[in-house]
Amino acid sequence: TFRVTASGTITTSSAPGNDTFRVRIGTTTLTGNIAAVVVAAANASVTAQNFYLEFLVTVRTAGATGSVVGQGIVWSENATTGAFTATNVIGMTTSTVVVDTTAAKLIELTALTGAASSSVTFENASIEIVKM
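None of these values were measured; they are calculated from a predicted model. Residue positions are given per chain, counted from 1 along the sequence in the order it is written. Only residues with pLDDT of at least 70 get local features here, since the model is predicted, and only at 80 or more are side-chain atom pairs given and counted; chain-wide, interface and lining totals rely on the full set of residues. Excluded from the side-chain calculation are hydrogens and water; included are all heavy atoms of the structure.

Draft legend 1. View of the overall build of the protein. In terms of regular secondary structure, the protein is built from zero helices and nine strands. Secondary structure elements of the protein, listed N to C terminal, follow the sequence β-β-β-β-β-β-β-β-β. The C-alpha radius of gyration computed for the protein amounts to 15 Å, which stays within 12% of the reference 14 Å derived for 132 residues, consistent with globular compactness. Structurally, the protein occupies a C-alpha span of about 45 × 30 × 25 Å along its principal axes. Only protein chains enter the accessibility calculation, which uses a 1.4 Å probe; a residue is then buried when its area is under 20% of its type maximum, exposed when over 50%, and partly exposed in between. Put simply, the protein has 132 residues, and 39% of those count as buried. Working rule for contacts: check all heavy atoms of both residues, and any pair within 4.5 Å makes them a contact. When contacts within the protein are restricted to residue pairs at least 6 apart in sequence, those whose partners lie at least 24 apart make up 70%. Here the open area of atoms and residues is found with the Shrake-Rupley method and a 1.4 Å probe, where only the protein chains shown may cover a residue. If you sum the accessible surface of the protein, you get close to 6700 Å²; carbon and sulfur atoms cover 54% of it. In this description a helix means any DSSP run of H or I spanning at least four residues, a strand means any run of E spanning at least two, and both kinds are numbered starting from the N terminus. We take the radius of gyration over the C-alpha atoms and set the globule estimate at 2.2 Å times the residue count to the 0.38 power.

Structure follows, in structure tokens:
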């Protein structure tokens, strides 16, 4: 199991849409299978609002056709003036995705804003192995 945590700030436009946070596992950056995702509706016209997120991704089976599954949560300070329209948003992935665990892989966190003029800034982030 891997734990991915990050914190930072979000600035949005007047029509911000949804912010999408993903944990990918693959051989090169931005090409891996999406192991976990959280989609949070952003509040409009906020500047440098704090957020924190955490994902857990677990390898279910090992091998050339191994599988992983993940879940995540993202928090903001206030549902009206914070980064998101809810103070916490949970993303539950119930289906596994295939990952070749016999080869070297990248694990990466990505963020996509719902509007071109919105931005996500990661101030701190970590990826760690959780021993079970």
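So that's the structure; there's more coming.
Draft legend 2. The nonpolar core, seen in detail. Note on terminology: a nonpolar core comprises buried Ala, Val, Leu, Ile, Met, Phe, Trp, Tyr and Cys residues joined through side-chain atoms within 4.5 Å. Counting residues in each nonpolar core, the largest one holds 21 residues, and the members touching the most others are Phe21, Leu53, Phe55, Val74 and Phe84. Counting only elements with at least two residues in this core, the list comes to strand S1 (2-11), strand S2 (18-26), strand S3 (33-41), strand S4 (49-61) and strand S5 (66-76). Sequence-distant contacts of Leu53, that is, excluding residues within four places in its chain, are made with Val4, Thr5, Ala6, Phe21, Ile73, Val74, Trp75, Leu109 and Phe122.

Draft legend 3. Geometry of unusual backbone geometry. In the Ramachandran plot, Leu30 falls in the positive-phi region, its phi being about 65° despite a non-glycine side chain. Topologically, Leu30 is positioned in the loop between S2 and S3. A relative accessible area of 55% means that Leu30 is categorised as exposed. Within the chain, Ser45 stands out as a residue other than glycine whose phi angle is a positive 55°. Along the chain, the position of Ser45 falls in the loop between S3 and S4.

Draft legend 4. Spotlight on the sheet that holds strand S8 (residues 106-112). DSSP-based pairing: two strands are paired if at least 2 bridges between them are found. Within the open sheet, the three strands sit side by side as S3-S2-S8. Their pairing is antiparallel. One side of each edge strand has no neighbouring strand; the edge strands of this open sheet are S3 and S8. This sheet shows a mean twist of 15° between the axes of neighbouring strands, independent of strand direction. Sheet topology note: the S2/S3 ladder contains eight bridges and is antiparallel. In the sheet register, Phe21 faces S3, and the bridge partner there is Val38. Lines fitted to C-alpha atoms define the axes, with helix axes restricted to the stretch in contact, and inter-axis angles between N-to-C directions lie between 0 and 180 degrees.

Draft legend 5. Structural detail: the pairing of S4. Inspection of the sheet shows S1 paired to S4 by nine bridges, in the antiparallel sense. Across the sheet, residue Arg3 finds its bridge partner in S4, namely Leu56. Direction of pairing for S4 relative to S5: antiparallel, over a ladder of ten bridges. From the neighbouring strand, Phe55 faces S5, where its bridge partner is Gly72. Connecting the antiparallel pair S4 and S5 is a turn made up of four residues, with Gly63 showing a positive phi of about 125°.

Keep in mind that these numbers describe shape and distance, not what the molecule does.
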